[in-house]
Amino acid sequence: MSILVIADVKNHTVNPSTLEILSAANEIAKKNNMPMYILIPFGNIGGDSYCSNEFKTCILDLDIEQYRALNLVKYISTVIREVNASYIIGLHTPFSIDYIPALSVEINAQCVTQIHSLDVSEYITVTRGSHAGKLDQHIVINETPIILTILPGSFAPYTITDVQTKEITTIHIHEKDKHVYCKFITKDSKDTSLDEADVIVGAGKGIGSRENLNLIFEFAKLFPHSAVAGSRIVCDYGWLPYSKQIGITGKSIAPKVYIACAISGSSQHVAGIKGAKTIIAINKDPYAPIFNVSHYGVVADIFEFIPQFIDFVQNNT
Amino acid sequence: MQTKLKILVCIKQVPDTNASLCLNNGMPEYDEKTVYVINRYDEYALEEALQLKDRGLTSYIHTISVGPGRVQKALRRSLEMGADEAFHIQTQDDGLNTPHVIAQTITQFAQHAYDIIFTGVMSEDAMNQQTGQLIAAMLGYNHATGVTELSLINNTITITRELDAQESLMYNLPIPCVISVQSSIQKPRYPSLSNVLRARKQEIAIIKPDLAIPFAQTKCYFTMPQKTTQCQFIEGSISQKVTELYAILHKNAVL
């Protein structure tokens with residue numbers, strides 16, 4: 001019995017957040033006294049630095065440009081059986097979630113996704129956000145094998161102290177289909193405003209219309225080095241471009257201050273704001289989940305509060 | 001020549017995101033006034049299918065929903081939007097069935113009768129993000145999730161999957177396949193009057209679930225979310241709140 005961590009991919013390389021799930025896996029490994037493996041699903045994503053004498057590394061010699069969920073599931077489930085994995089742990093990102101649940105059919109296991117915390121004190125209990133972040137769902141694991149996906153930003157990264165390349169096993173794939181390929185499209189990344197801003201003001205569905213977004217822009221203008229961003233739905237409505245979307249399918253931000261305006265705070269959005277030093281939420285619903293991750297909360301209607309705030313700043317500075 | 005496609009769109013009915021929710025013995029409970037709607041992502045999935053229909057590329061679009069009687073309202077809405085036929089797999093409740101059970105039920109219904117099975121990328125309530133992948137695995141089909149664009153030229157489907165704000169991934173999928181659609185700028189349509197009138201007269205087929213599939217629920221309990229920060233609420237009148245927030249922002253050296 002063992003624990004298998006599957007590395008995620010970002011920008012053609014191993015997503016560094018893979019180290020976070022290695023930390024989570026390590027907690028289970030210590031509790032159950034099991035060996036730990038990390039699987040790098042592609043041979044060309046620079047996975048060979050993810051090795052140590054604390055765990056074993058397997059590299060599947062597939063090309064990332066030949067990605068197909070169906071193929072990957074076939075090869076990874078063979079590895080799962082070979083290492084006799086009881087816990088299979090992946091990162092909850094749009095890339096990995098595409099194939100990880102499908103593994104559960106292949107190996108006949110349960111799959112629990114979007115986990116944000118773990119309790120190994122008595123049993124192994126995993127906790128995931130549900131109902132748009134309004135509730136936490138706790139699942140006590142009583143059957144293995146089990147497949148888990150963990151939200152980025154949920155655990156401190158694991159520190160690899162001694163890189164031991166001799167612990168790497170490469171699994172060669174002989175039957176590669178040359179007709180299978182995929183194309184990574186990098187969108188216009190000239191827009192770095194969210195990376196550079198000290199203050200980011202986020203707009204949620206509660207702003208109601210594109211016109212009302214002007215209020216958010218005026219609010220943001222009060223701060224030097226500021227930017228306006230939004231939740232996914234605001235971008236779906238076309239009120240802001242997708243380059244301004246914060247969350248798991250958008251950007252992760254790390255400004256000095258993030259001000260969430262009329263954003264309820266689903267786990268998908270919250271995963272993108274954990275890097276912010278100070279989080280302030282303004283929302284008229286005192287039960288909005290965003291307050292659970294905020295440092296300061298203002299329960300107020302943004303249409304009442306923000307204009308008064310702008311007046312105050314303009315008259316007092 | 002392009003063959004006409006047989007399409008199935010999987011629809012979940014979910015409580016409106018503003019619905020008030022309480023806990024009863026560790027289980028979520030909605031009050032009687034709760035409004036149920038089509039899961040937002042499933043509307044985008046249906047829209048993707050309807051665009052193929054608009055281009056004359058479909059032979060028919062079926063919709064399916066697993067759940068109690070109330071889900072017929074969501075199915076009715078799918079007919080109003082333009083689906084051709086709707087199927088209701090009747091169960092006691094749908095909220096906490098595992099994605100595995102739902103996928104098995106849909107797979108059992110679909111057999112190998114469809115060219116494309118569409119789902120939304122996830123449900124707004126449970127947010128498991130698994131059903132599409134599981135159906136594909138059970139049928140042995142190719143699949144793709146987080147799809148924001150789809151083109152169909154000479155029986156070849158090309159999809160674009162969104163990975164994050166910077167990157168997306170594009171590739172072909174053979175037919176048959178399962179496609180999980182992500183919300184995008186392409187807004188789901190409002191029903192036309194003629195479709196509303198047509199849908200009003202249409203019957204929704206009710207199907208009893210296969211009893212061989214154990215309708216197991218996830219063994220779990222719910223709590224209010226854990227607070228990762230100790231949120232300091234700014235109290236008082238609006239003007240007091242304004243002054244205090246200003247002070248906080250000033251202290252943080254951003255104003």
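How each quantity is defined
Every chain is numbered on its own, with residues counted from 1 as its sequence reads. Chain letters start at A and ligand numbers start at 1, both assigned in the order the entries are written. Under the rules for a predicted model, residues below a pLDDT of 70 receive no local features and side-chain atom pairs below 80 are neither given nor counted, while totals for whole chains, interfaces and linings still include all residues. A run of DSSP states H or I qualifies as a helix once it reaches four residues; a run of E qualifies as a strand once it reaches two. Both are numbered from the N-terminal end. Three exposure classes are used, based on other C-beta atoms lying within 10 Å of a residue's own C-beta, which is placed from the backbone: buried for 20 or more, exposed for 12 or fewer, and partly exposed in between. Each residue is represented by a C-beta atom placed from its backbone, and any two residues with such atoms within 7 Å are regarded as in contact. In this treatment the radius of gyration is a C-alpha quantity, and the globule benchmark scales as 2.2 Å times the residue count to the 0.38 power. The length a helix should cover is 1.5 Å for every residue beyond the first. For every element, the axis is a line fit to its C-alpha atoms; helices are fit only across the contacting stretch, and the angle between N-to-C directions ranges from 0 to 180 degrees. Each helix crossing is assigned a hand: it is left-handed if the near helix lies turned anticlockwise from the far helix by less than a right angle, otherwise right-handed if that turn is clockwise. Gly falls in the polar group here, along with every residue not listed as nonpolar (Ala, Val, Leu, Ile, Met, Phe, Trp, Tyr, Cys, Pro) or charged (Asp, Glu, Lys, Arg). When buried Ala, Val, Leu, Ile, Met, Phe, Trp, Tyr and Cys residues are joined through C-beta atoms within 7 Å, the set is termed a nonpolar core. At least two bridges found by DSSP between two strands is the condition for calling them paired. Of all possible arcs, the one meant is that of the directions from the helix axis to the C-beta atoms. pLDDT expresses how confident the predictor is about each individual residue, on a scale running from 0 to 100.

Novice: Just to check I follow, could you spell out the overall build of chain B for this structure?
Specialist: Along its length, chain B carries six helices and 15 strands. For the C-alpha atoms alone, the extent of chain B along its principal axes is close to 70 × 45 × 40 Å. Here chain B, with 255 residues, has 46% of them falling under the buried criterion. A separation of at least 24 residues holds for 71% of the contacts in chain B among residues at least 6 apart in sequence.

Novice: Mind showing me how you'd approach the overall build of chain A here?
Specialist: When its secondary structure is counted, chain A shows eight helices and 17 strands. A compact globule built from 317 residues should have a C-alpha radius of gyration of about 20 Å, and chain A, at 22 Å, falls within 12% of that. If you line up chain A on its principal axes, its C-alpha atoms span 70 × 50 × 35 Å. Among the 317 residues that make up chain A, the fraction classed as buried is 55%.

Novice: Mind showing me how you'd approach helix α1 (residues 18-32) of chain A here?
Specialist: An α-helix turns once per 3.6 residues; consequently, residues spaced three or four apart project the same way. Residue and element names in this part refer to chain A. In this model α1 runs 21 Å from its N-terminal to its C-terminal C-alpha over 15 residues, within 8% of the 21 Å that 1.5 Å per residue would give. For α1, the complete set of buried residues consists of T18, E20, I21, L22, A24, A25, I28 and A29. Two residues or fewer past α1, N33 is found with a positive phi of approximately 55 degrees.

Novice: Please explain the packing of helix α3 (residues 100-107) of chain A against helix α4 (residues 131-139) of chain B as it appears in this structure.
Specialist: For any two helices packed against each other, the geometry comes down to the angle between their axes and how far apart the axes lie. Where α3 of chain A contacts α4 of chain B, the axes come no closer than 8 Å and their chain directions differ by 35 degrees. In the crossing of α3 of chain A with α4 of chain B, the sense of the turn from one axis to the other is right-handed. In this structure, α3 of chain A uses P101, A102, V105 and E106 of chain A to contact α4 of chain B, whose residues at the interface are Q133, L134, A136, A137 and M138 of chain B. Within the contact of α3 of chain A with α4 of chain B, the residues separate by chemical class into seven nonpolar, one polar and one charged.

Novice: Help me out: how do you make sense of the interface of chain A and chain B in this one?
Specialist: Accessible area lost during the coming together of the parts is what is often quoted as the interface size. Tallying the contact residues gives 69 residues for chain A and 63 residues for chain B. When the residues that make up the side of chain A that touches chain B are grouped by side-chain class, the tally is 34 nonpolar, 22 polar and 13 charged.

Novice: I would appreciate a short explanation of the nonpolar core in the present structure.
Specialist: Across soluble globular proteins, you tend to see nonpolar side chains buried next to one another. Of all hydrophobic cores here, the largest spans 171 residues; its most connected members are I3, V5, A25 and L39 of chain A together with V9 of chain B. Apart from residues lying up to four places away in sequence, V9 of chain B is in contact with A45, L46, A49, I61, T63, S78, A83 and F118 of chain B.

Novice: Is there a simple way to think about the packing of helix α5 (residues 213-221) of chain A against helix α8 (residues 302-316) of chain A in this case?
Specialist: Residue and element names in this part refer to chain A. Where α5 contacts α8, the axes come no closer than 10 Å and their chain directions differ by 35 degrees. Two packed elements cross with a definite hand, and for α5 against α8 that hand is left-handed. Contacts between α5 and α8 involve L215, E218 and F219 from the former and I306, F309 and I310 from the latter. Broken down by class, the residue content of the contact of α5 with α8 amounts to five nonpolar, no polar and one charged.

Novice: Got a minute to help me understand the sheet that holds strand β15 (residues 232-233) of chain B in this structure?
Specialist: Strand pairs in the sheet, formed through backbone hydrogen bonds, run parallel or antiparallel to each other. One open sheet accounts for six strands, arranged β14(A)-β13(A)-β15(A)-β16(A)-β17(A)-β15(B); its pairing is parallel. In this open sheet, the two edge strands, each paired with only one partner strand, are β14 (226-230) of chain A together with β15 of chain B. Sheet topology note: the strand β13 (residues 199-203) of chain A/strand β15 (residues 257-261) of chain A ladder contains five bridges and is parallel. Across the sheet, residue V201 of chain A finds its bridge partner in β15 of chain A, namely I259 of chain A.

Novice: Honestly, the pairing of strand β8 (residues 116-120) of chain B in this entry has me stumped. Any pointers?
Specialist: Each regular strand shows side chains that alternate between the opposite faces of the sheet. Residues and elements named next belong to chain B. Counting buried residues in β8 gives five out of five residues, a clear majority hidden from the surface. Side chains I116, F118 and G120 project from β8 onto one buried face, and the interleaved I117 and T119 project onto a second face that is buried too. Bridge count for strand β1 (residues 5-10) against β8 is three bridges, and the pairing is parallel. Along β8, the bridge assignment pairs I7 with I116. Bridge count for β8 against strand β12 (residues 177-181) is five bridges, and the pairing is parallel. Opposite T119, over in β12, you have S180 as the bridge partner.

Novice: Explain α5 of chain A here, please?
Specialist: Residue and element names in this part refer to chain A. All of the buried residues in α5 are I216, F219 and A220. Along the long axis of α5, the arc covered by the buried residues comes to 95 degrees, so they all point the same way. Facing away from the buried surface of α5 by more than 90 degrees, the exposed residues are N214 and F217. Of the surrounding elements, those touching the buried residues of α5 are β13, β14, β15 and α8.

Novice: Help me understand the sheet that holds strand β5 (residues 56-60) of chain A in this model?
Specialist: Across the sheet, 10 strands lie side by side as β11(A)-β5(A)-β4(A)-β1(A)-β6(A)-β10(A)-β7(A)-β8(A)-β9(A)-β14(B); this open sheet has mixed pairing. The strands lining the two open edges of the sheet, one partner per strand, are β11 (168-171) of chain A together with β14 (220-223) of chain B. Averaged over all pairs of adjacent strands, the angle between their axes in this sheet comes to 35 degrees, without regard to strand direction.

Novice: Looking at this structure, how should I read the environment of M122 of chain B?
Specialist: Residue and element names in this part refer to chain B. Tracing the backbone through its elements, the reader meets M122 in the loop between β8 and α4. Looking at M122, the number of C-beta atoms within 10 Å reads 27, which means it is buried. Between the alpha carbons of M122 and R40 there is a distance of 9.0 Å; along the sequence they are 82 residues apart. Setting aside anything within four residues of it in sequence, one finds M122 in contact with Y41, M127, N128 and Q129.

Novice: Before we go on, may I ask you to explain the environment of I246 of chain A in this structure?
Specialist: Residue and element names in this part refer to chain A. Mapped onto the elements of the fold, I246 is located in the loop between α6 (232-236) and β15. Look at I246 and you get buried, because 29 C-beta atoms sit within 10 Å. Taking the C-alpha atoms as reference points, I246 and V257, separated by 11 residues in sequence, lie 14 Å from one another. In this structure I246 touches G202, A229, S231, K251, I253, H269, G272 and I273, once residues within four positions along its chain are discounted.

Novice: What am I meant to see in the environment of L139 of chain B here?
Specialist: Residue and element names in this part refer to chain B. Inspection of the secondary structure assignment puts L139 in helix α4. Residue classification places L139 among the buried residues on the basis of 21 C-beta atoms within 10 Å. Not counting the four nearest positions on each side in its chain, L139 is found in contact with T107 and H112.

Novice: In this structure, what is going on with the confidence of the model for chain B? I would like to understand it.
Specialist: Low-pLDDT portions of the prediction should not be read for the details of their coordinates. Within chain B, residue pLDDT values average 92, and 96% of them lie at 70 or more. Per the prediction output, this complex has pTM 0.95; the corresponding ipTM is 0.94.

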